[in-house]
Amino acid sequence: MTSPSEPALALGAVTVVMAVVALLLALSRRKQVRRCREMDAALKSAEARKRYAESRTQDLEAHEERFRAEVGHLVSARLPALALNLISSHHPIPGLLQEKAAGPEDAELLDSVLTRVSEIVLKERRRVDAAARAALRGASQDSQALSYRLQSELDGLQREFTGSRHLTHRMLAADHLNEQNLRLIQRTAIVCGAWPGHVRKDTYVAEIVTGASSRLRGFDRIKINSRIATNVGIVGRAAEPIAVACAELMANALEHSRDDLAVDVSLIQTGNGNVSITVDDAGKGMTAEAAARGVRLVSADSQDVMLTELGDPPSQGFVAIGRLVADYGFHVSVDNPSPYGGVRAVVTIPPNLLASIDEEAEPPSAMAPQPAVAPKAERRPATVAASVTGHGTDPGTEAGDEKPSTPAPDGADGLPQRRRRGPAATAGLAAPTYRAPDPERSLKAWSEFQDGLDSGRTGSDSEETQ
């Protein structure tokens, strides 16, 4: 017979075994759950990485597409606009296609391309411009020397020639054409960096302006009015440069005004010692943009202007003036309107470029304008002031009478006493003298004049028939 403790022990052992098995099963299940969770997390992470990779790939493709578009826009639009902008600032350079979407690194990279291309183009243009200036300078100086020799020959022929008036007129016309041609060659040489090519001695200001006007077609429309002393001149080193500047300003005034309108040129010496040469035309004037460009070109800062910036055909006048201003120290302004609605150009010559010339040793030319005599101010006699401050009105004086009264000695009370004036007596004015004409003198003068005309006609006719 079995003891009752054995089944209990067996049952307890089975229970323990089952408990251990249950515990092992629980641990295994927990481990499986954890592993499943880890696998789920890994799967989700892989999917996230996949989605991130796909999103990153799409962003890179979009960025590459935008960059390709910006590069295409740079090549097709921005670089050609840069080339035009280097010629004239009126042509703007477009920006990026998508400025907000483009990153700062891409924008900086694309802008650096424009900067580098601009530097290369400007360097090459300056090299080409310098070569063109050198070629033009050499050709202009040779042509200028030949024109000066031709001018000397024409001057000698004019002094020695005694032919008919028709041939004399044609010779003077040829001389004037050579003067115009010489001015154009001289202007081109100055723009290309050459000196004016002509050395003068100290010259009167009026002769400088008159000589400058004689180089122009339509010089008869230029009216020169001088208000400076006849002995005021310009030092030799600056005489020809100032003549060139005046000639260009007067040529510009003639070109931009009608053929029936005059150009007024005034010479005046200011209180600070400067001499001002004012050129007023009655043309249409300049726009604000043209005036600003003219001011820039005639200033001393116009040394970097290239030949390609002067237009087609090139406008060289203001550039030549700017180079002379920078080299010789006078001043030119072209941004003021004239009283006639056109442009007022002023050449200001400082005192260090002026000289006083002895008129007896070197008399001025007969063609130079004579200075205008300033009207003298009429002085009122002192007796008029005394009559105004006196008491009462002289009963012998009418209301409109302005003849001065003769003061009397002071009275007892210290006030000046006036006397009654005589009838309309003019004091201090001498009566004009009248000389009767001499019939014999008049007859002699007219006879000599008629004899001269007859002899001139006879000599001209005989020469023209030879």
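Residues numbered from 1 in each chain as written. Predicted model: local features only at pLDDT ≥ 70, side-chain atom pairs only at ≥ 80, totals over all residues. Heavy atoms only, no water.

Asks: Can you walk me through the overall build of the protein chain in this structure?
Replies: Helices and strands together make up the secondary structure of the protein chain, namely nine helices and 10 strands. Looking at the protein chain as a whole, 29% of its 466 residues are labelled buried. Here the analysis covers contacts within the protein chain between residues at least 6 apart in sequence; of these, 72% occur between residues at least 24 apart. Accessible surface computed for the protein chain: about 31400 Å², of which carbon and sulfur atoms make up 57%. (Helix = DSSP H or I, 4+ residues; strand = E, 2+ residues; numbered from the N terminus. Buried < 20%, exposed > 50% of the residue type's maximum accessible area, 1.4 Å probe, protein only. Contact = heavy atoms within 4.5 Å. Areas by Shrake-Rupley, 256 points an atom, 1.4 Å probe, with all protein chains shown as cover.)

Asks: Please explain the pattern of salt bridges as it appears in this structure.
Replies: Proximity of charged atoms lets side chains of opposite charge pair with each other. A full pass over the atoms with the stated rule returns 12 salt bridges. Note that E124 and R127 form a salt bridge whose closest N and O atoms lie 2.5 Å from each other. One end of the pair, E124, and the other, R127, are both in helix α2 (residues 104-160), three residues apart, so they sit about a helical turn from each other. Given a relative accessible area of 37%, E124 falls into the partly exposed group. Salt-bridge contacts for R133 lead to D129; the nearest nitrogen and oxygen are separated by 2.6 Å. Of this pair, R133 and D129 both sit in helix α2, four residues apart, roughly one helical turn. A residue is classified by how much of its surface remains accessible, and R133, at 9% relative accessible area, is buried. (Salt bridge = Lys/Arg side-chain N within 4 Å of Asp/Glu carboxyl O.)

Asks: Sorry if this is basic, but what is going on with the sheet that holds strand β1 (residues 203-204) here?
Replies: The strands making up a sheet associate through hydrogen bonds between their backbones, and the pairing can be parallel or antiparallel. Spatially, the three strands line up as an open sheet ordered β1-β3-β8, and their pairing is antiparallel. Both outer strands of the open sheet, β1 and β8 (354-356), are each paired with one neighbouring strand and no more. Relative to strand β3 (residues 232-234), β1 runs antiparallel, the two being bridged by two bridges. When the bridges of β3 are listed, T203 appears paired with I234. (Pairing = 2+ DSSP bridges.)

Asks: For this particular structure, what's the right way to read a positive patch on the surface?
Replies: Side chains of R30, K31, R34, R35 and R37 sit close together on the surface and give a patch of like positive charge. Summarising the element assignment, R34 is placed in helix α1 (residues 5-87). (Patch = residues over 30% accessible without salt bridge, like charges linked within 9 Å, V, L, I, M, F, W, Y side chains within 5 Å. Lys, Arg positive; Asp, Glu negative; His and termini not counted. Charge placed at Lys NZ, Arg CZ, Asp CG, Glu CD.)

Asks: Hey, could you run me through the environment of A83 in this one?
Replies: Along the chain, the position of A83 falls in helix α1. The exposure class of A83 is partly exposed, given its relative accessible area of 40%. Along the chain, A83 and L114 lie 31 residues apart, while their C-alpha atoms are 10.0 Å from each other.

Asks: Explain the pairing of strand β7 (residues 343-349) to me, please; I cannot follow it from the model alone.
Replies: Taken residue by residue, a regular strand's side chains alternate between the two faces of the sheet. Within β7, five of the seven residues are buried, which leaves it mostly tucked inside the rest of the structure. For strand β5 (residues 275-280) and β7, the ladder comprises six bridges, and the chain directions are antiparallel. Across the sheet, residue D280 finds its bridge partner in β7, namely R344. Pairing of strand β6 (residues 331-337) with β7 involves five bridges; the strand directions are antiparallel.

Asks: Honestly, helix α5 (residues 236-255) in this entry has me stumped. Any pointers?
Replies: An α-helical turn contains 3.6 residues, so a residue and the one three or four places further along point in the same direction. With 20 residues, α5 extends 29 Å between its outermost C-alpha atoms, agreeing within 8% with the 28 Å of an ideal straight helix rising 1.5 Å per residue. With 17 of its 20 residues buried, α5 lies for the most part within the structure. (Expected span 1.5 Å × (residues − 1).)

Asks: Where do I start with the packing of helix α3 (residues 165-191) against α5 in this structure?
Replies: Axis angle and axis distance: for two packed helices, these are the angle between their axes and the distance between the axes, and together they describe the pair. As a packed pair, α3 and α5 sit with axes 11 Å apart at the nearest point and diverge in direction by 110 degrees. On the basis of their axis angle, the class for α3 and α5 is roughly perpendicular. For the pair α3 and α5, the sense of crossing is left-handed. Packed against α3, whose contacting residues are R183, Q186, R187 and I190, the element α5 presents E240, V244, A247, E248 and A251 at the interface. Here the residues of the contact of α3 with α5 sort into four nonpolar, one polar and four charged. (Axes fitted to C-alpha atoms, helices over the stretch in contact; angles between N-to-C directions. Parallel < 35°, antiparallel > 145°, perpendicular 65-115°, else oblique. Left-handed = near helix turned anticlockwise from the far one by under 90°. Nonpolar A, V, L, I, M, F, W, Y, C, P; charged D, E, K, R; others polar.)

Asks: Is there a simple way to explain a negative patch on the surface in this structure?
Replies: Taken together, D202, D358, E359, E360 and E362 make up a surface patch of like negative charges. For E360, the position within the fold is in the loop between β8 and α8 (382-389). For E360, a relative accessible area of 75% corresponds to the exposed category.

Honestly, it's all geometry; don't read function into it.
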